[in-house]
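# Close look at the chain arrangement
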Amino acid sequence: MPLDNAFDLPEDTRALQEVARDFARDVLAPRALEWDAARHFPVEEMRQAASLGMAALYVREESGGSGLTRLDAAVVFEALSTGCPVTAAFLSIHNMVAWMIDRWGSEAQRAEQLPSLVTMERIASYCLTEPGSGSDAAALRTRAARDNSGYVLNGSKQFISGAGTSDLYLTMVRTGGEGPDGISALLVPKDTEGLSFGANEKKMGWNAQPTRMMTFQDARVSADALLGEEGQGFRMAMAGLDGGRLNIAACSIGGAQRALDIALDYVRERRAFGKPVADFQATQFRLADMATELEAARSLLWRACAKLDSKAPDAGAFCAMAKRFASDTGHRVADEALQLLGGYGYLHDYGVEKLVRDLRVHRILEGTNEIMRVIVARHLLGRRESARDSR
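Under an unreviewed UniProt entry, the name given to the protein is Acyl-CoA dehydrogenase family protein, and the source organism is Roseomonas populi. Turning to the protein, the UniProt annotation filed under Cofactor (unreviewed entry) states: "FAD".

### A word on the overall build of the protein
Counting its regular elements, the protein contains 11 helices and 10 strands. Relative to its length of 391 residues, the protein is compact, with a C-alpha radius of gyration of 21 Å against a globular reference of 21 Å. For the protein, the spread of C-alpha atoms along the principal axes amounts to about 80 × 60 × 40 Å. A total of 391 residues make up the protein; the buried ones form 55% of that total. Look at the contacts in the protein between residues 6 or more apart in sequence, and 74% of them connect residues 24 or more apart. Only carbon and sulfur atoms are counted for the fraction: they give 51% of the accessible area of the protein, which is about 17,200 Å². Positive and negative side-chain charges of the protein, numbering 46 and 52 respectively, have mean locations separated by a distance of 5 Å.

### Regarding the pattern of salt bridges
This structure, assessed with the given rule, holds 25 salt bridges. Residue Glu 18 pairs with Arg 21 through a salt bridge whose shortest N-O separation is 2.9 Å. Taken together, the residues span about one helical turn, with Glu 18 and Arg 21 both in helix α1 (residues 11–28) at a distance of three residues. Given a relative accessible area of 39%, Glu 18 falls into the partly exposed group. Where Arg 31 meets Glu 45, a salt bridge forms, and the shortest distance between an N and an O atom there is 3.3 Å.

### Things to note about the environment of Thr 368
Structurally, the position occupied by Thr 368 is in the loop between α10 (352–360) and α11 (369–389). Sequence separation of Thr 368 and Ala 320 is 48 residues, and the distance between their C-alpha atoms is 9.8 Å. The residues touching Thr 368, leaving out its near neighbours within four places in the chain, are Ser 135, Lys 323 and Arg 363.

### Examining the packing of helix α5 (residues 85–104) against helix α6 (residues 107–118)
At a closest axis distance of 10 Å, the pairing of α5 and α6 adopts a crossing angle of 155°. As the angle between them shows, α5 and α6 are arranged roughly antiparallel. In this structure, the crossing between α5 and α6 has a hand that is left-handed. Facing α5, whose interface residues are His 94, Ala 98, Ile 101 and Asp 102, α6 presents Gln 109, Arg 110, Gln 113, Leu 114 and Leu 117. Looking at the contact of α5 with α6 residue by residue, the class counts come to four nonpolar, three polar and two charged.

### Considerations on unusual backbone geometry
Here the phi dihedral of Lys 311 falls at roughly 60°; this positive angle occurs in a residue that is not glycine. Mapped onto the elements, Lys 311 comes out in the loop between α8 (281–309) and α9 (315–341). A residue is classified by how much of its surface remains accessible, and Lys 311, at 71% relative accessible area, is exposed. Phi is positive for Glu 366, close to 60°, though the residue is something other than glycine. Structurally, Glu 366 is set in the loop between α10 and α11. Judged by its relative accessible area of 14%, Glu 366 is buried.

### With respect to helix α7 (residues 233–269)
In this model, α7 (37 residues) spans 54 Å end to end at C-alpha, consistent with the 54 Å of a helix rising 1.5 Å per residue. Of all 37 residues making up α7, 29 are buried, and the element is well covered by its neighbours.

### What to know about the packing of aromatic side chains
Inspection of the entire model under this criterion finds seven aromatic pairs. With centroids separated by 4.9 Å and ring planes inclined at 90°, the aromatic side chains of Phe 41 and Phe 90 adopt a geometry described as edge-to-face. Residue Phe 41 is located in the loop between α2 (32–38) and α3 (43–51), and its partner Phe 90 is located in helix α5; the two are separated by 49 residues in the primary sequence. With relative accessibility at 10%, the residue Phe 41 sits in the buried group. Aromatic rings pair up to connect Tyr 58, Trp 99 and Trp 104 into one cluster. Directly above the aromatic system of Phe 280 lies the positively charged group of Lys 275, at a separation of 4.6 Å from the ring centroid.

### Some points on the side chain of Asp 242
As for its position among the elements, Asp 242 is in helix α7. Excluding residues that lie within four positions of it along the chain, Asp 242 makes contacts with Leu 308, Gly 316 and Cys 319.

### Some details on α3
Taken together, the buried positions of α3 are Val 43, Glu 45, Met 46, Ala 49 and Ala 50. Taken end-on, α3 shows its buried residues confined to a sector of 160°, consistent with a single buried face. Looking at the buried side of α3, the elements it contacts are α1, α2, α5 and α6. Two residues or fewer after α3 comes Gly 53, characterised by a positive phi angle close to 90°.

### Concerning the nonpolar core
Core analysis: the biggest nonpolar cluster contains 104 residues, and Leu 80, Met 100, Tyr 126, Leu 170, Met 172 and Leu 301 have the highest contact counts within it. Sort the elements by how many residues they give to this core and α7 lands first, with 17 residues. Aside from chain neighbours lying at most four places away, what touches Leu 80 is Ala 20, Phe 23, Ala 24, Leu 28, Met 54, Ala 88 and Leu 91. Within the second largest apolar cluster, 17 residues are counted, among which are Ala 144, Ile 160, Ala 163 and Met 214.

Rules of the game
Residues numbered from 1 in each chain as written. Predicted model: local features only at pLDDT ≥ 70, side-chain atom pairs only at ≥ 80, totals over all residues. Heavy atoms only, no water. UniProt positions renumbered as here; feature names shortened; annotations may be inferred. Helix = DSSP H or I, 4+ residues; strand = E, 2+ residues; numbered from the N terminus. Rg over C-alpha atoms; globule rule 2.2 N^0.38 Å. Buried < 20%, exposed > 50% of the residue type's maximum accessible area, 1.4 Å probe, protein only. Contact = heavy atoms within 4.5 Å. Areas by Shrake-Rupley, 256 points an atom, 1.4 Å probe, with all protein chains shown as cover. Lys, Arg positive; Asp, Glu negative; His and termini not counted. Charge placed at Lys NZ, Arg CZ, Asp CG, Glu CD. Salt bridge = Lys/Arg side-chain N within 4 Å of Asp/Glu carboxyl O. Axes fitted to C-alpha atoms, helices over the stretch in contact; angles between N-to-C directions. Parallel < 35°, antiparallel > 145°, perpendicular 65-115°, else oblique. Left-handed = near helix turned anticlockwise from the far one by under 90°. Nonpolar A, V, L, I, M, F, W, Y, C, P; charged D, E, K, R; others polar. Expected span 1.5 Å × (residues − 1). Phe/Tyr/Trp six-rings, centres within 6.5 Å; stacked < 30°, edge-to-face > 60°. Lys NZ or Arg CZ within 6 Å of the ring centre and 35° of its normal. Arc of directions from axis to C-beta. Core = buried A, V, L, I, M, F, W, Y, C linked by side-chain atoms within 4.5 Å.

Here it is in structure tokens:
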């Protein structure tokens, strides 16, 4: 287990942490390897999590959600990830969509969409990335043309988690001119005529959730599918990603913590040269570094959560810092755990190689870690320019 990481968490947050840990241990962990091998999407288990309030963690209580803070959510996602970071990460995506509908949706949209999303009777996916615009999200090409009855969509989305299974797709489309101000957000149902899905991608990790391309060919949705106003979509997308980055950072820490726990058990039992591997100083130093790095990542994550909860002007930069540091650290710690297990670490049954594969993509999604560095650098340089201008 991590070093005493609850010293400054509110009592209610610690209680949430325990509920999520128990769920991860009893429901997710026992079948995580099976889901990975079978490429099975554990929808029913996620609905069990939803029954505990984990599908709408920061949706307002008056909208049927749990009304929690970003810090609460990060603690929950970290705990869930000790059981299966892939499942926890998809719950994060679903939470993000539910929150965006609660934040920007009309009263009618909230009433129509949120009750079934809160329970995960219906599942939601987030659709931003396209084959020709990954990091440069403002260059997306999928177009929604307005006519008398609604919007007609043409284009495609790539790397969409849950695609083909999810019931609702929060989709960023171009309704106006070039650049971010021409982007809007539409709520697209799965059964929309003209929407089709590609094959489930064969991936290095994240096998317990489907990833498919989506194609729109004269796909028509009604005018009330528009979330917020035309031209607000890019700002919505970026606001959603701030929270998503905190969540994926938490999933990285939780998965790496599980890998460290497996390594600790192993080195206590494994003997070499007549004594436990844990007695070697080289092993002890490696374990100490792994634990220290995870604690540093956790502390930065919690600070970033506090920034976002308080709507601090530098919250976006801190979300980027936390995502970059936690995902790099999480993957590195999991890889170190694999090395400590030696050949056994490379075997599927021990679970560490799965964690290494699953955590690797965290350095790419929700904005690559190179883009996180760009965000932080722009904040630093902009702050410096502001200081100069005020002299």
